[in-house]
Amino acid sequence: SNITNNMIFNLNNGGYCVQLDSGQNTISANTIDSGSYGILVTTESNVITLNTIKNNLNIGVYLNAAASYGNRIDTNTVTGNGSWGVYLAGPENRAYGNIIRQNTSGGVYISAASNVVRFNLIGANAAVGMEIANNSAVVEQNDITGNDTGVVFNTASAGIVLKKNNIHSNNV
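Just so we're clear, the structure is a prediction, and the values are computed from it rather than from any experiment.

A. Representation of the environment of Ser 114 in the model. Looking at the element boundaries, Ser 114 is found in the loop between β15 (106–110) and β16 (115–118). Sequence-wise, Ser 114 and Gly 82 are 32 residues apart; in three dimensions their C-alpha atoms are separated by 26 Å. Residues contacting Ser 114, with those up to four places away along its chain left out, are Glu 92, Asn 93, Arg 94 and Ser 136.

Encoded structure:
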């Protein structure tokens, strides 16, 4: 399925603005605003691109299960959400070229293995720019600036690659 060029407002009534329970969908060029959650993905091989995802009570883009793998989150603006901007609880996903700003809990949370986060602007989040809570991730060439804390590691592992990032002007 393709969900393209829509204005999707949920008015904080407790639901998801967009929920993907089947794979191989494209969500593009939408404004997703004021839901409980912006986008929930429970399956594989979806593309989320060129969207503005803002002002949701909880998470902006939530890949919430082990079955949420092989998804692409590219070139979105994710801002002003009440929890995390992007939450990667599924493995082997890609988040490239997004602007992730002014979210309450933080910009990006990675709790599953083998996710790649590259070329993003992650800034001005109230708490953490990025938090890594697994034993393998690639985080490279991101600008992580102006957050309360730049990057938090909840686990130590040689499988975490942090390379060529601009991490500066964070409080911690």
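B. Geometry of the nonpolar core. Grouped together as the largest cluster of nonpolar side chains are 29 residues, with contacts concentrated most on Ile 110 and Met 130. Those residues within four positions of Met 130 in sequence are excluded, and the remaining contacts are Val 108, Ile 110, Val 117, Ile 122, Val 139, Ile 144, Gly 150, Val 151 and Val 152. Counting residues in each nonpolar core, the second largest holds eight residues, with Tyr 37, Trp 84, Tyr 87 and Tyr 109 among its members.

C. Molecular detail of the sheet that holds β15. Taken in spatial order, the seven strands of this open sheet run β3-β6-β9-β12-β15-β18-β21, and their pairing is parallel. At either margin of the open sheet sits one strand with a lone partner, and together these are β3 (16–20) and β21 (149–153). For this sheet, the mean inter-axis angle between neighbouring strands, taken without regard to orientation, is 10 degrees. Summarising the sheet, β15 and strand β18 (residues 128–132) pair through four bridges and their orientation is parallel. Within β18, the residue paired with Ile 110 across the bridge is Ile 132.

D. Inspection of the side chain of Ser 136 at higher detail. Its location among the elements puts Ser 136 in the loop between β18 and β19 (137–140). Take Ser 136: its relative accessible area is 17%, and that puts it in the buried class. Apart from residues no more than four positions distant in its own chain, Ser 136 is found in contact with Ala 112, Ala 113, Ser 114, Asn 115, Gly 159 and Ile 160.

E. Up close: the environment of Val 172. With respect to the element layout, Val 172 can be found in the segment after β23 (166–168). Val 172 sits in the exposed class, given a relative accessible area of 70%. With 128 residues separating them along the chain, Val 172 and Glu 44 place their C-alpha atoms 35 Å apart. Dropping the residues within four chain positions of it, Val 172 is found in contact with Asp 148, Thr 149 and Gly 150.

F. Up close: the packing of aromatic side chains. Applying the stated criterion across every chain yields a total of six aromatic pairs. Here a set of aromatic residues connected by ring pairs shows up, and it is made of Tyr 16, Tyr 37, Tyr 62, Trp 84, Tyr 87 and Tyr 109.

G. Representation of the sheet that holds strand β5 (residues 31–33). The strand order across the open sheet built from eight strands is β2-β5-β8-β11-β14-β17-β20-β23, with neighbouring strands paired in parallel fashion. Edge positions in the sheet fall to β2 (7–9) and β23, since each of these pairs with one other strand and no more. Along the sheet, successive strands turn relative to each other by an average axial angle of 5 degrees, direction set aside. Pairing of β5 with strand β8 (residues 52–54) involves three bridges; the strand directions are parallel. Bridge pairing in β8 places Thr 31 opposite Thr 52.

Conventions used here
Residues numbered from 1 in each chain as written. Predicted model: local features only at pLDDT ≥ 70, side-chain atom pairs only at ≥ 80, totals over all residues. Heavy atoms only, no water. Helix = DSSP H or I, 4+ residues; strand = E, 2+ residues; numbered from the N terminus. Contact = heavy atoms within 4.5 Å. Core = buried A, V, L, I, M, F, W, Y, C linked by side-chain atoms within 4.5 Å. Buried < 20%, exposed > 50% of the residue type's maximum accessible area, 1.4 Å probe, protein only. Pairing = 2+ DSSP bridges. Axes fitted to C-alpha atoms, helices over the stretch in contact; angles between N-to-C directions. Phe/Tyr/Trp six-rings, centres within 6.5 Å; stacked < 30°, edge-to-face > 60°.

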